[in-house]
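# Topology and contacts: notes
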Amino acid sequence: MAERIYLSSPHMSDEGYEQQYVKEAFDTNWIAPLGQNVNEFERELAAKVGSKAAAALSSGTAAIHLALKAAGVGEEDIVFCPTLTFSATVNPIIYQNAIPVFIDSDFKTWNMCPQALEEAFEKYPNVKAVLVVHLYGLSADMDKIMDICKKHNVPVIEDAAESLGTYYKGKHTGTFGDYGIFSFNGNKIITTSGGGMLVSEDEERISKARFWATQSRDQARHYQHSELGFNYRMSNVVAGIGRGQLKVLDQRVEKKRYIYEFYKRELSKLDGINFMPDNDWNDPNYWLSCITLNGKIRPLDVMEVLEKENIESRPVWKPMHMQPFFESYDFVGRDVSEKLFENGVCLPSDTKMSDRDLERIIEIIKKLW
Ligand SMILES: *Cc1c(COP(=O)(O)O)cnc(C)c1O
């Protein structure tokens, strides 16, 4: 059988940039802690997205955790976040002993519905922070969301784990709110094997996050701690991979767009297929190409025929308010995220795919019709 085709898997540069930076770390014996790759990766990523400061961390989840802490979220505080997301968005709210309230999506963006957000503010005027997600590389409607949050004077954190390379009206996602986070996990558009980044305009809060991420060690010769610490910093080897990957980010976005347009051209005429939303203010990274199916052919039919050919595809995220662990928390909205979950499929979007691979996938899918 042909080699497995993945949804989205690591893709190192043809030029070997990653190995050059990693080799530098080895040659200087600067494997850990920290070091030049970490400092430069922070600087380069901040420059790429247009943010003032960045802290390189061990994961996107760690970055969300420290963003919540920096925003002052603590015990019993309420945090609004979308229900349609990966659980890693929500888990850090629980780490802080805070309370998530789940907000529905809208069909226009698949992301946080501004109207449902307004309703949530009416119900919970004392919310401590709003956590917005840019799902699958599509940006949320940031103008509307920022207006609502400013009106209520509540800090905004953007989970841009899936949207590195995505712009909203020319501005990079993750730079609208008080804090933005990125992930370099293995399935993301660029990867360091695992890692994350916290960005902000507030350099002081970023240095504070670095302090928390290295066990909150006070300035003293002995080990002195006046705050709870975390072991969340990125290693100098991992940051070397990140610096190399950042050099090919634009190339990866270009290929992801090519994949999306290929599918759209070939499949959009089929009965009952709809592609994820194209909004003219949105310049997505097309991390995953997603469709919804509203006809006789169901998502499971598509996923099964692909799996038989050793090709990976996935349902759209199962909403958090439908998850056994989170179902006791409140949900504000209607049934949009539920519908997206029921009808959605993420098509294979691996940047290593050839045209032949794409043609094969399209043939397999078309046969269902
Ligand atoms: C991947 C992901 C995260 C978590 O990032 P890690 O680096 O894996 O911890 C958070 N939120 C979303 C939406 C993600 O897709």
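The rules behind each value
Residues numbered from 1 in each chain as written. Predicted model: local features only at pLDDT ≥ 70, side-chain atom pairs only at ≥ 80, totals over all residues. Heavy atoms only, no water. Helix = DSSP H or I, 4+ residues; strand = E, 2+ residues; numbered from the N terminus. Rg over C-alpha atoms; globule rule 2.2 N^0.38 Å. Buried < 20%, exposed > 50% of the residue type's maximum accessible area, 1.4 Å probe, protein only. Contact = heavy atoms within 4.5 Å. Pairing = 2+ DSSP bridges. Right-handed = clockwise from strand over helix to strand, strands pointing away. Domains from an automatic or database assignment. Buried area = accessible area lost by both parts, 1.4 Å probe. Salt bridge = Lys/Arg side-chain N within 4 Å of Asp/Glu carboxyl O. Polar contact = N/O pair within 3.5 Å; in protein donor to acceptor, adjacent residues only side chain to side chain. Axes fitted to C-alpha atoms, helices over the stretch in contact; angles between N-to-C directions. Parallel < 35°, antiparallel > 145°, perpendicular 65-115°, else oblique. Left-handed = near helix turned anticlockwise from the far one by under 90°. Nonpolar A, V, L, I, M, F, W, Y, C, P; charged D, E, K, R; others polar.

### Observations concerning the overall build of the protein chain
When helices and strands are tallied, the protein chain shows twelve helices and 15 strands. Computed over C-alpha atoms, the radius of gyration of the protein chain comes to 21 Å, within 12% of the 21 Å expected from 2.2 N^0.38 for 369 residues, which places it in the range of a compact globule. Its C-alpha atoms give the protein chain principal-axis dimensions of about 70 × 55 × 35 Å. Among the 369 residues that make up the protein chain, the fraction classed as buried is 58%. A separation threshold of at least 6 residues defines the contact pool for the protein chain, and within that pool the share at least 24 residues apart is 70%.

### Points about the pairing of strand β3 (residues 99-103)
For β3, a buried count of four out of five residues is recorded, marking the element as mostly surrounded by other parts of the structure. Pairing of strand β2 (residues 78-82) with β3 involves five bridges; the strand directions are parallel. From the neighbouring strand, Pro82 faces β3, where its bridge partner is Ile103. For the crossover from β2 across helix α4 (residues 87-95) to β3, the handedness is right-handed.

### Side note on the domain arrangement of the protein chain
Split by domain assignment, the protein chain resolves into domain 1 (17-246) and domain 2 (249-367). Computed over C-alpha atoms, the centres of domain 1 and domain 2 are 25 Å apart. On the domain 2 side, the residues contacting the 48 residues of domain 1 number 40 residues. For the pair domain 1 and domain 2, the two sides together bury roughly 4,000 Å², of which 65% comes from carbon and sulfur. Among the residues domain 1 hides against domain 2, the three largest losses belong to Trp110, Tyr136 and Ile189. Together they make up 21% of the total. Where domain 1 meets domain 2, there are three salt bridges. For Lys123, the salt bridge identified is with Asp330, shortest N-O distance 2.7 Å. Counting across the domain 1 and domain 2 interface gives 24 residue pairs in polar contact (both at pLDDT 80 or more).

### Some words on the packing of helix α3 (residues 60-70) against α4
Where α3 contacts α4, the axes come no closer than 9 Å and their chain directions differ by 45°. When the interaxial angle is binned, α3 and α4 end up oblique. By crossing handedness, the relation of α3 to α4 is classed as right-handed. Contact residues: α3 offers Thr61, Ile64, His65 and Leu68, while α4 offers Ala88, Thr89, Pro92, Ile93 and Tyr95. Each residue belonging to the contact of α3 with α4 can be placed in one class, and the counts come to six nonpolar, three polar and no charged.

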